[in-house]
Structure formats: structure tokens, C-alpha cells
Amino acid sequence: MADIFERLIKNYGPLGQHRERAHGYFAFPKLEGAIGSKMKFRGQEMIVWSLNNYLGLANHPEVRKADADGSAQYGLALPMGARMMSGNSDLHEQLEKELAEFVHKEDSILMNYGYQGIMSAIDSICGRHDVVVYDAECHACIIDALRMIPGHRFVFKHNDVEDCEKQLHRAQALVDKQQSGGILVITEGVFGMAGDQGCLKEIAALKKKVPFRLLVDDAHGFGTLGATGAGAGEAQGCQDEIDLYFSTFAKSMASIGAFMAGPKNIIDYIRYNIRSQIFAKSLPMPYVVGNLKRLELLRSKPELKANLWKNALALQNGLKERGFDIGKTDSVVTPVYMKGGVEEATAMVMDIRENYKIFCSIVVYPVIPKGHIIYRLIPTAVHTQEEIDLTLKAFSETKAKLDAGAYKVAEIPDMANK
Ligand SMILES: Cc1ncc(COP(=O)(O)O)c(C=O)c1O
């Protein structure tokens, strides 16, 4: 019989295999100091492009005060127990009401975490005869939810509406054959790696051909897109066609928690059946108080979103003018596509951190195909034009070095914390 632990330490996985050289630098880095466009990394101040602090709320004085006041008044313990048993409060219900209003839905339900919350919500609504049709590039939390549910699922090519329709017809045929079950389509408002918006309007229009319900994970659209910040559906003029709207608080809200919004009766169904909330302690009061304040700022300070977009467009246009490929983004997420191996990518990241004092994250194989590198830049409302200019200059110089082969190294640089 094999020992499970022995097998694990023989192969740490595609990223874990680099841990001895990468830990603390390329993987698990520690950014220190107040959250902002500049933070400290290994004692050096750097311009940071890796945080989903889109609206700059993480260190907003009103947010910091609400977080501190909430903690002082309530502590982290309150309320004790799950919402259903003993952990409910007026403020939890008020936050749910305000979130639902913000995204133009009847009701909403709070979740402690986005990942766990959406998995459990999907699990609670899908019966064994229901069929899920979903985008191939959906976030891991959706893919993991689909591993839990008992029914069939059909995947459509990323943002390919024609293929979505094809899969819908397959789903309909299956439901007809079973003489039971319905169809749930799941996609995202903004795909977090490439920054392209989901084709929500076109997908929603398919309801005329095949009846289904639409669930949208709008983690990156909430607060950043749409006239009022209500997200990708609002931006595309199809918010009413989204039956279930989901967002985490981990991005624009710079906090912890998540919510799902939709028709009152369906949210009530989820409230009484979502296992991750029924069998878990409810969101602590300081988070609820802090999230109420953040939502108030989303409503009352449209200049935060305006600043975010001013910076995002300055960064994106600057990159395009310099000949960089930023793909199909139509959100503030800014990917920069380059070619090179994992070793070259890490040597380039090291150069940009150590010599240009810029901290940004890269995506390499196995997340994307071998030989490709994506720099994923996240602009925020609190970046400055000077920081954008310095970054553009650094990118031009390091790209030239990459193309000239200056980063060709045999192994990833050994930068681990010893
Ligand atoms: C699209 C998407 N959905 C869900 C999540 C998970 O949210 P949370 O961090 O609240 O668990 C994330 C990442 O934060 C995300 O990017």
C-alpha cells in the first residue's frame, strides 16, 4: 500500500516544484505597509500593480474608520452561530437590502467568502436533472462547484455565443429526454485574466431560443462597470436578464465576503438551503459595518470609478502606443502578452522589481500555454500619472531586453527567503 504523504513529496506540482527558489519572491511574496499604489516589498518601496483594490477603498479614511469603529463596538465574535440559528442581525439584513438595490434586484443573500459561497449556491440550486451550460474560462470556484453537482454540464468555448447556443440545444435535448430538469447558464461579467467582458447581452438573447436561467459572477465588474457601478450587466444594458447576480467583496469593496442577488423567492430558497452559510458562523459584525460603509462610498463617490477608468485608460493606451499586445480587454484589468519561458519570465520580473521598483504579477505555464507570459496589471483609482509613466518606461525597456534574449537563464533565479 502506498503512503499518501510519500507520493505528495515526490511531486509538489507544477508551481510547487519551484518553491525552493521562488518562495517569498515569485510565490507568496509579502507586501507591507498601508495598501496603496506604493507598498514595501523586501524593504524596498515599489509601485504595485497586483491588487484588486480597484476603487482605492482599502485605505480610504472613511473605510478605515468604519472598520475600526465596527471592531471596537462589536468585536469579531458577534454574532455567534450561523445566520439561521443565532447569527442574524439587523445590519446583516440591511446590507443585503442595500446590495440588492445597488444591483437592481429584489433581494440578496450574504456569503462569508466568494469562492465557497458561489460553490454552495450553485450546489443548492442545481438538482440531479438540471443541466449547467458554462463558459470554458470560468473561475475555479465555478469549475469546482460543477464538480459537486449531480447533473450534466456542457462547456462552451470562451465567450463564443454560437457555441453557447449549440450547447444549449444539447442541454435542451437532454432535459427533454429526461422529461425533467431545467438549464442554468453560468458565465462571468469580466474574465479576470484577460479582462474581456462576458457576452452577457448576446447570451441573454438566447433565452428566446432555449429557455434557461442566467447566473453571472461579476467579481471584477461590480463597482468598476456600468453607469452606477452595478457591473457588466448594467454596462451592457442587460442587468434585468441576469437572473442571479454574484460578486465577491474581495475586489472593488476591498474586504471579505460576497453576495448573490436575484428574485426574492429564489434568494429565500437559497437562504434556507445554502450549506456553506447554514453550517457556518455568519459574517462578523465589523465586516458587515465595513461593507455597508464601502457600499455607501460606491454610491456617493462616483469620482472613485472615474479615477479608476482615467488611470486604466492612460495605462492601456500608453501600452498600446508602445506596441504592447493587451489583447481583448474591455475592462480595467490590463494583461500584457509576451513570449518567453518560465525562467525568462522570472528573470524579467526580478529585473523590474529590483531595478525599476515595480511590483507586478506574471502568469506563466501551466496557467497559460508554454512559451507565453502574461503580465497582469491592475490599475486602481489611487495610482498617479507619474507612476503610470514610470511603469510604461520600465515596460518598454524590459521588453526590449526580453526580445534581445537578455533574460535567457537556465533556471529561475534563486530568490527564496532563506
Ligand atoms: C471571478 C471570481 N469569482 C470568485 C472569486 C472568489 O472570491 P473570494 O476571494 O471572496 O473567495 C474570485 C476571487 O477572488 C474571482 O476572481
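Residue indices follow the written sequence of each chain, beginning from 1 at its first position. At least 70 in pLDDT is required for a residue's local features to be given in this predicted model, at least 80 for side-chain atom pairs to be given and counted, and no such filter applies to totals for whole chains, interfaces and linings, which use all residues. No hydrogens and no water enter the side-chain calculation; it runs on all heavy atoms of the structure.

**Digging into the packing of aromatic side chains**
Here is the rule: Note on ring pairs: Phe, Tyr and Trp rings are taken, using the six-membered ring of Trp, and paired if centres are within 6.5 Å. Classes follow the plane angle, with under 30 degrees stacked, over 60 edge-to-face and the rest tilted. For helices the rule is a DSSP run of H or I covering at least 4 residues; for strands it is a run of E covering at least 2, with both sets numbered from the N terminus onward. Buried means the residue's accessible area, taken with a 1.4 Å probe over protein chains only, is under 20% of the maximum for its type, while exposed means over 50%, and partly exposed covers the values in between. As a reminder, the over-ring test applies to NZ of lysine and CZ of arginine, requiring each to be within 6 Å of the ring centre and within 35 degrees of the ring normal.
Counted by the stated rule, this structure contains nine aromatic pairs. Considering the side-chain rings of Phe41 and Phe359, the 5.1 Å spacing of their centres and the 70° angle between planes classify their relative orientation as edge-to-face. Taken together, the residues Phe41 in strand E2 (residues 38-41) and Phe359 in strand E12 (residues 358-359) connect sequence positions 318 residues apart. Residue classification places Phe41 among the buried residues on the basis of a relative accessible area of 1%. Note on Phe222 and Phe259: the rings are 5.5 Å apart at their centroids and 65° apart in plane angle, and the pair reads as edge-to-face. Within this pair, whereas Phe222 is found in the loop between strand E8 (213-217) and helix H10 (232-236), its partner Phe259 is found in strand E10 (residues 258-262), the two being separated by 37 residues in sequence. According to the relative accessible area criterion, Phe222 is buried, its value standing at 1%. Residue classification places Phe259 among the buried positions, given a relative accessible area of 0%. Chaining the aromatic ring pairs together yields one cluster made of Phe102, Phe222, Tyr245, Phe249 and Phe259. One cation-aromatic arrangement involves Arg19 over Tyr12; the distance from NZ or CZ to the ring centre is 3.3 Å.

**Side note on helix H5 (residues 90-102)**
The condition is simple: The span one expects for a helix is its residue count, reduced by one, times 1.5 Å. Here a polar contact is taken to be a pair of N or O atoms separated by no more than 3.5 Å, where protein atoms must pair a possible hydrogen donor with a possible acceptor and residues adjacent in sequence count only if both atoms sit in side chains.
Under the 1.5 Å per step criterion, the end-to-end length of H5 is 18 Å for 13 residues, consistent within 8% with the ideal 18 Å. The complete set of buried residues in H5 reads His92, Leu95, Glu96, Glu98, Leu99, Ala100 and Phe102. Two to three positions downstream of the cap, the backbone nitrogen of Leu91 sits 3.2 Å from a side-chain oxygen, assigning the N-cap of H5 to Ser89. One or two residues past the end of H5 sits His104, with phi positive at roughly 60°.

**Section: the sheet that holds E12**
We apply this condition: Here, strands pair whenever DSSP counts at least two bridges between them.
Read across the sheet, four strands follow the order E1-E2-E3-E12 without closing on themselves; strand pairing throughout is mixed. This sheet does not close on itself; its edge strands, each paired only once, are strand E1 (31-32) and E12. Bridge count between strand E3 (residues 44-48) and E12: two bridges; the pairing is parallel. Directly across from Ile47, in E12, lies its bridge partner Ile358.

**Thoughts on the site of the ligand**
This is how the line gets drawn: Near residues are defined by distance, with any heavy atom within 4 Å of the molecule or strand qualifying the residue. The accessible surface values rely on the Shrake-Rupley method and a 1.4 Å probe; as for residues, cover is taken only from the protein chains in view. In the scheme used here, Gly and all other residues not listed as nonpolar or charged are polar, with Ala, Val, Leu, Ile, Met, Phe, Trp, Tyr, Cys and Pro taken as nonpolar and Asp, Glu, Lys and Arg as charged.
Contacts to the ligand come from Tyr113, Gly114, Tyr115, His139, Cys141, Glu188, Asp217, Ala219, His220, Thr248, Ala250 and Lys251. The separation between an oxygen atom of the ligand and a polar main-chain atom of Tyr115 is 2.8 Å. A distance of 2.6 Å separates a nitrogen atom of the ligand from a polar atom in the side chain of Asp217. Protein chains bury 84% of the 390 Å² of accessible surface belonging to the ligand in isolation. The class makeup of the residues in the shell around the ligand is five nonpolar, four polar and three charged.

**Examining the pattern of salt bridges**
Operational definition: Just to be clear on terms, a salt bridge is a Lys or Arg side-chain nitrogen sitting within 4 Å of an Asp or Glu carboxyl oxygen.
Enumeration according to the criterion identifies 22 salt bridges in this entry. As a salt-bridge pair, Asp69 and Lys65 come within 2.6 Å of each other at their nearest N and O atoms. Of this pair, Asp69 and Lys65 both sit in helix H4 (residues 61-74), four residues apart, which is roughly one turn of that helix. Residue class for Lys65 comes out exposed when judged on its relative accessible area of 52%. A salt bridge links Glu101 to Lys97, with the shortest nitrogen-to-oxygen separation between them at 3.6 Å. Linking Glu101 with Lys97, this pair stays in helix H5, spanning four residues, or about one helical turn. On the basis of relative accessibility, which here comes to 48%, the residue Glu101 falls in the partly exposed class. Residue class for Lys97 comes out exposed when judged on its relative accessible area of 54%.

**Focus on the nonpolar core**
Cut-off, in case you're wondering: Only buried Ala, Val, Leu, Ile, Met, Phe, Trp, Tyr and Cys residues count toward a nonpolar core, and they belong to the same one when joined by side-chain atoms within 4.5 Å. Working rule for contacts: check all heavy atoms of both residues, and any pair within 4.5 Å makes them a contact.
Among the nonpolar cores identified, the biggest contains 52 residues, and Val133, Leu168, Ile183, Val185 and Phe222 are the most heavily contacted of them. If we ignore the near neighbours within four places in the chain, the residues touching Phe222 are Leu99, Phe102, Val103, Gly229, Gly231, Tyr245, Ser247, Ser252, Met253, Phe259, Leu295 and Leu298.

**Some points on the environment of Gly341**
Relative to the helices and strands, Gly341 resides in the loop between strand E11 (334-339) and helix H15 (342-354). Gly341 sits in the partly exposed class, given a relative accessible area of 25%.

**Notes on the sheet that holds E10**
Sheet strands line up and pair through hydrogen bonds in the backbone, either parallel or antiparallel. Which entries qualify depends on this criterion: Note on definitions: angles span 0 to 180 degrees between N-to-C directions of axes, and those axes are lines fitted to C-alpha atoms, for helices only across the stretch in contact.
Spatial ordering of the open sheet is given by E4-E10-E9-E8-E7-E5-E6, a layout of seven strands whose pairing is mixed. A single partner strand is all that each edge strand has here, and the edge strands are strand E4 (107-111) and strand E6 (153-156). Strand-to-strand twist in this sheet, taken as the mean axis angle between neighbours without regard to direction, amounts to 20°. Across three bridges, the pairing between E8 and strand E9 (residues 244-248) is parallel. Each bridged residue has a counterpart across the sheet, and for Asp217 the counterpart in E9 is Phe246.

Spatial relationships are all this shows, so hold off on functional conclusions.
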